Amino acid sequence: MKDLSNFEDRLKIINSFDGNLVYGAKSFNLTTNRTGKGPSNGLPTKELLKVVQDSQKDRFVRKSIGWVEQKNCVVCNSKKRSFLLNRLGLAYFRCAECSHIYQDPILSNSVAAELYSNEETTTKIYKSDNQQEMDEIKFSYGVDLINSFVSNKNRNSILDIGCGPGIFSKVAFRKGWDLSIGVDINDSYDDISKSSSGFKLVRGNVLDIASLDFNTKFDVISMWSFLEHIPDPKKYINDLGNVLKDNGLIFILVPNSDSLVAKLLREKSTCYNWKHISYFNIKSLNFLLESCGYNCVFDETVITEIGNIKSYLNGKEPYSGELPDKDPFSFIDSKFIHINKLGSRIIAVYKKNF
Ligand SMILES: [Zn+2]
């Protein structure tokens with residue numbers, strides 16, 4: 001068993017689920033349906049074209065229906081902000097108080113629900129073989145990391161919100177959790193087996209945690225690539241407090257707006273899409289959780305997107321994987337990225353103080 005409090009030991013593991021490093025960006029982006037007809041080809045997705053149109057002149061502009069204004073920062077409620085960028089008809093602002101990046105306007109709940117229900121762009125990515133292979137290793141690491149904070153005898157119940165096909169919940173059950181529940185709104189995974197004692201996948205409206213009755217409180221709640229989708233993350237974290245045991249843990253993975261790839265790519269970064277209302281950095285994520293009564297016990301970054309970075313520095317489309325014969329930026333490697341917390345995703349663990 002590796003010592004997860006040691007950076008070098010963790011680096012070996014997080015490199016092993018980094019698709020750009022394992023397969024090379026060109027192959028990974030294509031085989032996981034990111035490029036080709038996927039969302040990283042520089043064009044709007046099929047879903048987005050329902051709410052933006054190509055004006056020919058300014059290219060993509062929002063259609064006049066389906067959008068609602070979001071004037072205040074969703075983390076600290078401040079009105080002070082600066083315009084950051086516009087991508088394919090979507091506008092993003094940076095909060096002057098807490099540095100959080102958020103979309104304004106956002107889709108109304110009903111339009112967002114309709115787009116999500118027909119969403120195939122990301123399910124195609126998540127169902128690809130190479131992505132699933134990476135995810136198995138990633139989720140296994142996530143469970144090991146959580147277990148390093150929870151002793152054997154306290155591994156009673158763990159809830160994964162936005163569980164997708166439930167791989168994380170399955171791994172948690174396998175790694176010693178008595179009750180491991182995954183909940184998701186998306187029914188495109190209905191073919192996945194749902195029954196096993198102690199391991200359950202539940203369909204439910206994860207956008208409204210108060211509407212779900214689990215009949216128990218949890219020691220740990222995890223959210224992988226979930227919180228960035230939530231219109232009111234502060235209310236959401238507060239609601240979670242009601243289903244988390246005293247001194248319980250929240251495990252979060254979200255895109256990192258301070259990542260090297262996001263800072264370089266700006267308008268070309270696919271992280272700016274209609275589903276991502278929030279774009280956290282470690283500071284704004286800590287601000288949010290601390291304002292809800294939690295304190296951070298661990299944070300790091302994972303996923304380099306190094307091939308995308310190197311393609312772009314080579315003057316090519318970032319997701320093309322077109323690398324130079326000789327890399328003048330060889331000092332930018334996985335270690336450089338993660339030691340400076342410039343990875344594409346944040347992993348953070350928070351402890352409930354009430
Ligand atoms: Zn703010």
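Everything discussed here concerns the structure shown above.
A brief structural summary. (Residues numbered from 1 in each chain as written. Predicted model: local features only at pLDDT ≥ 70, side-chain atom pairs only at ≥ 80, totals over all residues. Heavy atoms only, no water.)

1. Here we look at the overall build of the protein chain
For the protein chain, the count of helices and strands is twelve helices and 15 strands. For 354 residues, the compact-globule estimate of 2.2 N^0.38 gives 20 Å, and the protein chain sits close to it at 20 Å. C-alpha extents for the protein chain along the principal axes are approximately 60 × 50 × 45 Å. For the protein chain, the proportion of its 354 residues judged to be buried stands at 54%. Here the analysis covers contacts within the protein chain between residues at least 6 apart in sequence; of these, 69% occur between residues at least 24 apart. Counting every atom, the protein chain has about 15,800 Å² of accessible surface; 50% of that belongs to carbon and sulfur. Across the protein chain, the centroid of the 46 positively charged side chains sits 2 Å from that of the 42 negatively charged ones. (Helix = DSSP H or I, 4+ residues; strand = E, 2+ residues; numbered from the N terminus. Rg over C-alpha atoms; globule rule 2.2 N^0.38 Å. Buried < 20%, exposed > 50% of the residue type's maximum accessible area, 1.4 Å probe, protein only. Contact = heavy atoms within 4.5 Å. Areas by Shrake-Rupley, 256 points an atom, 1.4 Å probe, with all protein chains shown as cover. Lys, Arg positive; Asp, Glu negative; His and termini not counted. Charge placed at Lys NZ, Arg CZ, Asp CG, Glu CD.)

2. Observations concerning the packing of aromatic side chains
Applying the stated criterion across every chain, the model contains 16 aromatic pairs. A centroid spacing of 6.0 Å and a plane angle of 70 degrees characterise the contact between Phe139 and Phe168, whose relative ring orientation is edge-to-face. Taken together, the positions of Phe139 in helix α6 (residues 129-147) and Phe168 in helix α7 (residues 167-174) put the pair 29 residues apart, joining distant regions of the chain. Both rings, one in Phe139 and one in Trp224, keep their centres 4.7 Å apart while their planes meet at 85 degrees; by these two values the pair is edge-to-face. Placement of Phe139 in helix α6 and of Trp224 in strand β11 (residues 218-224) is noted, with a sequence separation of 85 residues between them. Under the relative-accessibility criterion, Phe139 is labelled buried at 11%. Within the aromatic cluster, the residues linked to one another by ring pairs are Phe139, Phe168, Trp224 and Phe251. In this structure, Arg81 is placed above the aromatic ring of Phe93, and the distance from its NZ or CZ to the ring centre is 3.6 Å. (Phe/Tyr/Trp six-rings, centres within 6.5 Å; stacked < 30°, edge-to-face > 60°. Lys NZ or Arg CZ within 6 Å of the ring centre and 35° of its normal.)

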